[in-house]
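Residue-level listing of the chains:
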Amino acid sequence: MEKISFGRTKKGEEATLYVLENKNHTTVKVTDYGAALVAFVFTDKNGKRRDVVLGYDDVTGYEEHGSYFGATVGRNGNRIANSQMVINGKVWKIEANEKGNNLHSGKNGFNSRMWKVAKSSDTSITFSHYSPQEEQGFPGNMDVEVTYTITENDTLEISYQAKADADTVMNFTNHTYFNLGGQDSGVITGQKLQILADAFTPVKDSTCIPTGEIVPVEGTPMDFRTMKPIGQDIDADFEQLKFTGGYDHNYVLSDKTGEMRVMANAYCEETGIAMEASTDCCGVQLYAGNFIGAQKGKNGVTYGDRNGFCLESQFYPNAVNQENFPSPVVKAGELYTSKTTYRLYLK
């Protein structure tokens, strides 16, 4: 495995970039800062190598920007209403970092931690982190690992496992922004997407907190059951899309976790690159990069709004506070595991 210096953090910690590669020369690059996916390089239909994920050239970009490019998110991905939860009858208050709510676990989320390398090979690496209760304010001290593997059939596997000494939330996700035209190819609205979900969880308003309802996608711009361009309905006169400036919603894959299923398919006609995404999570958040803003990415590329889309497999937003949603609370001493895969192929 190749290791490359990735710069120093503001605290003086040295970050490293780790390069995984399979026999097809499909390449995955990850860093120990935020256990983040930095690059996913695949050969397109014309034989050109394409990096299909957004990112930065060094650790400074990941420290300074709030887009969560490629990040491992935890202990809780997505939002918790009013930045509080009740577990075993006790109210736990956590950091309010977005409109009075908690987003992606606040400033001390896993995305801003230096992870240790637990084990590695040419095609796989496992990062580990010890998360004390004081780190984010969630109950319990937690040991967590995330493993990135590139398989011989060009599938990126992301696996999580964790255990804590108290009942606590375990809802990890990866926040990669995909662009199957290549990270330097601009907007993704012309790329096609299918999400294999019959329902979604509508939000109350621009805070993106779910109402608690589970609503069919049929007859709405939220319907991706049949593959269509991401931008086809993104600016429709539809209240849910106006609340969020485009797609930023959870799709209901199941009412339980633990069973692997295909959650989405995507395709870029220009490059011929297609992606099949699978997970054992009960939900997936589609985010169409509505608020990326102008920022400098890899190789001097300037990114903008809707230059990447995210498929964040996870529990439904605010699930810890919503009784009719599957619960992300894991019992003390119980081993939590989860897995999501992204397979690239030519179509």
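Higher on the page you've got the structure.
Residues numbered from 1 in each chain as written. Predicted model: local features only at pLDDT ≥ 70, side-chain atom pairs only at ≥ 80, totals over all residues. Heavy atoms only, no water.

Novice: Where do I start with the overall build of the chain in this structure?
Specialist: Broken down by element type, the chain carries 3 helices and 29 strands. Here the chain has a C-alpha radius of gyration of 19 Å; the compact-globule value for 347 residues is 20 Å, and the two agree. Along the longest, intermediate and shortest principal axes, the C-alpha atoms of the chain span 60 × 50 × 35 Å. When burial is assessed residue by residue, the chain has 60% of its 347 residues classed as buried. (Helix = DSSP H or I, 4+ residues; strand = E, 2+ residues; numbered from the N terminus. Rg over C-alpha atoms; globule rule 2.2 N^0.38 Å. Buried < 20%, exposed > 50% of the residue type's maximum accessible area, 1.4 Å probe, protein only.)

Novice: Hey, could you run me through the pattern of salt bridges in this one?
Specialist: Here the idea is simple: oppositely charged side chains can pair when their charged atoms come close. Inspection of the entire model under this criterion finds 14 salt bridges. In this structure, K331 and D167 form a salt bridge, with 3.5 Å as the shortest nitrogen-oxygen distance. Placement of K331 in the loop between β28 (329-330) and β29 (336-346) and of D167 in the loop between β14 (155-164) and β15 (168-169) is noted, with a sequence separation of 164 residues between them. (Salt bridge = Lys/Arg side-chain N within 4 Å of Asp/Glu carboxyl O.)

Novice: Can you help me understand the pairing of β29 in this one?
Specialist: Every other side chain in a regular strand lies on the same face of the sheet, so the side chains alternate between the two faces. Relative to β29, β14 is paired through 8 bridges, and the arrangement is antiparallel. The partner of I158 across the bridge, within β29, is T340. (Pairing = 2+ DSSP bridges.)

Novice: Would you mind showing me how to read the nonpolar core here?
Specialist: Y148, L193, Y251 and L311 are the most contacted members of the largest nonpolar core, which has 65 residues in total. Look past the residues within four positions of L193 in its chain and what remains in contact with it is F224, T226, M227, K228, I230, A264, N265, A266, L286, F309 and L311. Counting 17 residues, the second largest nonpolar core, distinct from the first, contains Y33, F69, Y177 and Y303. (Core = buried A, V, L, I, M, F, W, Y, C linked by side-chain atoms within 4.5 Å. Contact = heavy atoms within 4.5 Å.)

Novice: Would you mind showing me how to read the sheet that holds strand β27 (residues 310-314) here?
Specialist: Within a beta sheet, neighbouring strands are joined by backbone hydrogen bonds and run either parallel or antiparallel to one another. Ordered by their spatial adjacency, 5 strands build an open sheet running β19-β18-β21-β24-β27, and the pairing between neighbours is antiparallel. Bordering the open sheet on either side are β19 (215-216) and β27, each of which pairs with just one other strand. Bridge count between strand β18 (residues 199-201) and strand β21 (residues 248-252): 3 bridges; the pairing is antiparallel. Paired with F200 across the bridge in β21 is Y251.

Novice: How should the environment of Y148 be read in this particular structure?
Specialist: By the element assignment, Y148 lies in strand β13 (residues 142-150). Separated by 12 residues in the primary sequence, Y148 and Y160 have C-alpha atoms spaced 9.3 Å apart. There is a polar contact of 2.6 Å between the side chain of Y148 and the backbone oxygen of A35. At a separation of 3.4 Å, a polar atom in the side chain of Y148 contacts the side chain of T72. (Polar contact = N/O pair within 3.5 Å; in protein donor to acceptor, adjacent residues only side chain to side chain.)

Novice: When you look at the environment of Q194 in this model, what are you seeing that I'm missing?
Specialist: Here Q194 shows up in strand β17 (residues 192-195). Along the backbone, Q194 and D44 are 150 residues apart, and their C-alpha atoms lie at a distance of 20 Å. Setting aside anything within four residues of it in sequence, one finds Q194 in contact with F224, R225, M227, M263, A264 and N265. A distance of 2.9 Å separates the side chain of Q194 from the backbone oxygen of R225, its partner in a polar contact.

Novice: I'm lost on the sheet that holds strand β1 (residues 2-8) in this one. Help?
Specialist: If you walk across this open sheet you meet the 5 strands as β1-β2-β3-β4-β5, and the pairing is antiparallel. The open sheet has two free edges, formed respectively by β1 and β5 (49-51), since each of these has just one partner strand. Adjacent strand axes in the sheet meet at a mean angle of 20° when their direction is disregarded. For β1 and strand β2 (residues 14-21), the ladder comprises 5 bridges, and the chain directions are antiparallel. Its bridge partner being in β2, E2 is matched across the sheet by V19. (Axes fitted to C-alpha atoms, helices over the stretch in contact; angles between N-to-C directions.)

Novice: Would you mind going over the side chain of D167 with me for this structure?
Specialist: By relative accessible area, D167 is classed as buried at 15%. Reaching out from D167, the side chain makes a polar contact with the side chain of N88 at a distance of 3.0 Å. A polar side-chain atom of D167 sits 2.8 Å from the main-chain amide nitrogen of A332. Not counting chain neighbours up to four residues away, the residues in contact with D167 comprise I87, N88, P139, V329, V330, K331 and A332.

Novice: Can you walk me through the pairing of strand β22 (residues 261-267) in this structure?
Specialist: Buried residues dominate β22, accounting for 6 of its 7 residues. Bridge count between β17 and β22: 4 bridges; the pairing is antiparallel. Looking at the pairing, Q194 lines up with N265 of β22. Both β22 and strand β23 (residues 273-279) contribute to a ladder of 6 bridges, which runs antiparallel. From the neighbouring strand, A266 faces β23, where its bridge partner is M275.

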